[in-house]
Structure formats: C-alpha cells, structure tokens
Amino acid sequence: MRRLLLSVGVLVVAAGVLSPVATAQPGKEYSVKAAFVFNFMKFVDWPEQAQAMGGDAFVVGVLSHGLPEEFAAGLRDKEVKGRRIAVQVFQDARQAQGCHVVFITADASSQLPAILRAVSGKPVLTVSEVSNAERADAVINLVAADTRLGFQVNLEAADAGGLTISSRLLSLATAVRGGQQRKTP
C-alpha cells in the first residue's frame with residue numbers, strides 16, 4: 001500500500017513538472033507553485049529535532065512582498081506527515097525562525113542571501129523562485145524551462161540542514177547539485 005501511495009505521489013509531482021508555466025495568469029502560476037511545494041514536503045524527511053517545531057502544524061514560511069492568495073489557498077486545509085499546514089507570510093528574513101519550509105518569491109530576491117544565512121545548518125527546506133546565481137544555494141529552486149516549470153536540487157544545502165530528499169523526487173529534478181546531474185526530459 002505504501003509503495004502505491006508513493007507512486008501516486010511521484011505521479012502528482014511529475015504532473016506538476018509537466019505543467020506549463022502559467023506566466024500570463026500570476027494566480028494560476030502560484031497555485032502550481034503551491035502544488036510543487038506541497039509535493040516537495042511529502043518527499044523530504046526532516047531530522048528528529050524539527051518535529052517539535054510548529055506545535056501541531058507544519059509551518060511554511062513565505063518571504064514575499066506581495067504573495068498572491070492562490071499560493072496560500074493551494075496549501076490551505078492540507079496535511080503533510082500527519083500535521084496540518086500553516087502558512088506564514090513575512091517580509092523580513094529574521095522572521096523565518098521556526099519554519100519547516102521557507103518559500104522565497106522573486107519579489108523578495110534581495111533578501112535571499114539573508115534568509116539563507118539565517119537558516120543555514122538548520123532543518124529548513126528552502127524553496128526559491130529567484131532567477132539568479134544566488135538561487136543555487138537554496139535547497140530547491142523552481143525554474144522555468146521553455147513553457148514548463150521544473151526544479152533543481154542542492155543536496156549540499158539539504159545535507160547541511162539534515163534533510164533527506166527521496167530518490168524519487170531527485171529523479172524528477174532537472175538538475176541535482178552535489179549528486180549526479182539530471183537532464184530535462
């Protein structure tokens with residue numbers, strides 16, 4: 001049964017990878033990005049020390065200056081690893097303490113180095129949509145290739161935080177830093 005559920009989960013992630021980027025409709029684009037983040041959480045294991053964070057919630061922090069409602073709506077009323085998901089939006093990198101996941105939007109790119117320093121070595125899955133060279137230091141970077149949305153994984157950053165990323169998720173990445181490089185299908 002577990003194997004079947006994992007397979008279904010991989011298919012859901014694959015469907016997201018194969019989804020065209022909805023750049024003409026920002027709300028739709030953030031619904032797709034929320035689905036990516038939700039599926040990433042299913043295929044990442046956090047170390048024991050992270051279990052106490054967030055009480056009964058799995059906390060997704062969003063560093064943004066104007067996050068579309070569709071992102072939070074995409075995670076609302078969902079659970080991961082037996083815990084409800086709580087979305088917290090903040091505008092300053094120093095407020096990211098206690099999050100399991102931090103999603104950094106493009107409009108907050110100037111704070112990317114500060115947030116990565118703030119969570120360095122901590123069990124925090126950083127997901128960025130920032131399109132510059134600094135994004136390589138986040139654990140996962142969402143990337144648009146042609147009209148498709150994909151993602152890159154930085155295993156060195158994941159290891160530094162004690163995060164374990166499923167090989168199934170890694171097999172769907174367009175690139176894996178710190179491991180074998182993947183090519184876009």
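Position numbers for residues count from 1 along each chain, tracking the sequence in the order it is written. Confidence filtering applies because this is a predicted model: local features only for residues at pLDDT of at least 70, side-chain atom pairs given and counted only at 80 or more, and all residues used for totals across whole chains, interfaces and linings. Just so you know, side-chain values use all the structure's heavy atoms and leave hydrogens and water out.

### Focus on helix H4 (residues 112-119)
Formally: In this scheme, a residue with accessible area under 20% of its type's maximum is buried, one over 50% is exposed, and one in between is partly exposed, where area comes from a 1.4 Å probe on protein chains only. Counting from the N terminus, the helices are the DSSP runs of H or I reaching at least four residues and the strands are the DSSP runs of E reaching at least two. To obtain the arc, one takes the directions from the helix axis to the C-beta atoms. Throughout, a contact is declared for two residues whenever any of their heavy atoms are within 4.5 Å.
Buried within H4 are the following residues: Leu112, Ile115, Leu116 and Val119. Along the axis of H4, the buried positions cluster into a sector of 100°, meaning they face one direction only. Those residues of H4 hidden inside the fold are in contact with strand E2 (57-63), strand E4 (83-90), strand E5 (101-104) and strand E6 (125-128). Where H4 ends, the next residue or the one after it, Gly121, has phi of about 80°, a positive value.

### Remarks on the sheet that holds E4
Just so we agree on the cut-off: What makes two strands pair is DSSP finding at least two bridges between them.
Taken in spatial order, the eight strands of this open sheet run E3-E4-E2-E5-E6-E7-E8-E10, and their pairing is mixed. The strands lining the two open edges of the sheet, one partner per strand, are strand E3 (79-80) and strand E10 (175-177).

### A closer look at the pattern of salt bridges
Defined as follows: Any carboxyl oxygen of Asp or Glu within 4 Å of a side-chain nitrogen of Lys or Arg constitutes a salt bridge here.
Tallied over the entire structure, the rule returns eight salt bridges. With its nearest N and O atoms 2.5 Å apart, the salt bridge here joins Glu29 to Lys33. One end of the pair, Glu29, and the other, Lys33, are both in helix H2 (residues 26-42), four residues apart, so they sit about a helical turn from each other. Judged by relative accessible area, which is 16%, Glu29 ranks as buried. Measuring nitrogen to oxygen at the nearest pair gives 3.5 Å for the salt bridge that ties Arg177 to Asp137. Of this pair, Arg177 sits in strand E10 while Asp137 sits in the loop between E6 and strand E7 (140-145), placing them 40 residues apart in sequence. With relative accessibility at 34%, the residue Arg177 sits in the partly exposed group. For Asp137, a relative accessible area of 43% translates into the label partly exposed.

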